[in-house]
Amino acid sequence: MIDGPYFVLTLLGVLGCGLAAGVFCAFSTFVMRALAQLPPAQGVAAMNAINVAAVRPPFMLVFLGSAVLCSVLAVVTFVLLPAEGTVELLLGSALYLFGAFGVTIAANVPRNEALRKLAPGTPEADAYWSIFVRQWTMWNHVRTAASAAAAVSYALALT
């Protein structure tokens with residue numbers, strides 16, 4: 001069984017990845033659905049406001065803190081090669097780092113930036129809005145599943 005500081009790091013990994021999964025799940029299950037029902041100009045303006053509000057310490061601590069924690073867990077696991085939990089720890093780290101953090105950087109942020117450049121109410125923004133909602137939400141589903149699976153994988157490492 002994992003113990004000591006390694007146990008605490010893994011437990012924090014479960015918590016961080018689980019919290020991130022919860023935020024992403026909320027967006028996939030009701031926030032994006034509600035925004036999609038707004039007229040495009042209002043939806044674009046609301047999403048742009050959400051994107052500004054998201055880049056603040058409470059969410060960044062969870063999102064970036066979990067990425068740092070997953071990186072530390074992966075490195076420590078490679079160095080120590082514990083007798084138990086190695087596969088689960090490395091899998092959890094990979095799931096979050098690639099499936100949540102990586103997807104955010106490669107898929108969600110570029111869409112957010114493209115949306116930010118469009119003035120709400122313009123024909124371009126109106127045309128892009130439905131595409132944005134569909135694609136952004138699809139990639140958010142990936143982030144949700146990857147974060148939840150990472151939390152489960154870390155939890156399994158503790159058993």
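Small disclaimer: the values here were computed from a predicted structure and weren't measured. (Residues numbered from 1 in each chain as written. Predicted model: local features only at pLDDT ≥ 70, side-chain atom pairs only at ≥ 80, totals over all residues. Heavy atoms only, no water.)

### A few points about the pattern of salt bridges
Which entries qualify depends on this criterion: Salt bridges are identified by distance alone: a Lys or Arg side-chain nitrogen within 4 Å of an Asp or Glu carboxyl oxygen. Comment: elements are numbered from the N terminus, with helices defined as DSSP H or I runs of at least four residues and strands as E runs of at least two.
Scanning all chains against the criterion turns up one salt bridge. Linking Arg-116 and Glu-113 is a salt bridge whose minimum nitrogen-to-oxygen distance equals 2.7 Å. One end of the pair is Arg-116 and the other is Glu-113, both in helix H4 (residues 86-116) and three residues apart, which spans about a single turn.

### Remarks on helix H3 (residues 57-80)
Put simply, the rule reads: Given a helix with a known number of residues, its expected span is that number minus one, times 1.5 Å. We call a residue buried when its accessible area falls under 20% of the maximum for its residue type, exposed when it is over 50%, and partly exposed in between, using a 1.4 Å probe and counting protein chains only. Whether two residues are in contact is decided by their heavy atoms, any of which lying within 4.5 Å being enough.
Across its 24 residues, H3 extends 32 Å between first and last C-alpha, which sits within 8% of the 34 Å expected from 1.5 Å per residue. Of all the positions in H3, only Phe-59, Val-62, Phe-63, Ser-66, Ala-67, Leu-69, Cys-70, Leu-73, Ala-74 and Thr-77 are classed as buried. As for H3, its buried residues are in contact with helix H1 (4-37), helix H2 (40-54), H4 and helix H5 (123-157). Leu-81 sits one or two residues past H3 and shows a positive phi near 40°.

### A closer look at the packing of H3 against H4
For the record, the criterion: Only C-alpha atoms enter the line fits that serve as axes; for helices the fit covers just the stretch in contact. Angles between N-to-C directions range over 0 to 180 degrees. Crossings are sorted by hand: turned counterclockwise from the far helix by less than a right angle, the near helix makes the crossing left-handed, and turned clockwise it makes it right-handed. Each residue gets one label: Ala, Val, Leu, Ile, Met, Phe, Trp, Tyr, Cys and Pro are nonpolar, Asp, Glu, Lys and Arg are charged, and the others, such as Gly, are polar.
H4 packs onto H3 with a crossing angle of 145° between their chain directions and a minimal axis gap of 9 Å. Considering the relative orientation of H3 and H4, their crossing is left-handed. Between H3, through Val-62, Phe-63, Leu-64, Ser-66, Ala-67, Cys-70, Ser-71, Leu-73, Ala-74, Thr-77 and Phe-78, and H4, the contact on the second element is made entirely by Thr-86, Leu-89, Leu-90, Ser-93, Tyr-96, Leu-97, Ala-100, Phe-101 and Thr-104. Taken together, the residues that form the contact of H3 with H4 break down as 14 nonpolar, six polar and no charged.

### Concerning unusual backbone geometry
The phi angle at Leu-81 is positive, at roughly 40°, despite the residue not being glycine. Residue placement: Leu-81 occurs in the loop between H3 and H4.

### Some remarks on the layout of surface pockets
We apply this condition: Here a cavity denotes grid points, spaced 1 Å and computed from the protein atoms alone, that fit a 1.4 Å probe unable to get out, and a pocket denotes an open set having protein on both sides within 12 Å along at least 5 of 7 lines; residues with an atom within 4 Å of a point are the lining. Grid points are joined across faces, edges and corners, and a volume is the space filled by probe spheres set on the points.
The space that makes up the largest pocket amounts to roughly 490 Å³. Contributing to the lining of the largest pocket are 23 residues, with Asn-51, Ala-54, Val-55, Phe-59 and Asn-112 lying nearest its centre. Elements with a minimum of two residues in the lining of the largest pocket: H1, H2, H3, H4 and H5. Per-element accounting of the lining of the largest pocket gives the leading share, seven residues, to H4. In terms of residue class, the lining of the largest pocket is built from 15 nonpolar, five polar and three charged.

### Topic: the nonpolar core
Nonpolar side chains in soluble globular proteins tend to be buried together. Our working rule: Residues belong to a common nonpolar core when they are buried Ala, Val, Leu, Ile, Met, Phe, Trp, Tyr or Cys residues joined through side-chain atoms within 4.5 Å.
By size, the foremost hydrophobic cluster in this structure holds 19 residues, and its most contacted members are Cys-17, Phe-24, Leu-73, Leu-89, Tyr-96 and Tyr-154. In terms of residue count, the dominant contributor to this core is H3 (seven residues). Each residue touching Phe-24, except ones within four places of it in the same chain, is listed here: Phe-59, Phe-63, Ala-100, Asn-140, Arg-143, Thr-144 and Ser-147. Membership of the second largest hydrophobic core comes to 13 residues, among which are Met-32, Phe-132, Val-133 and Trp-136.

Take it as geometry only, folks, not as evidence of what the structure does.
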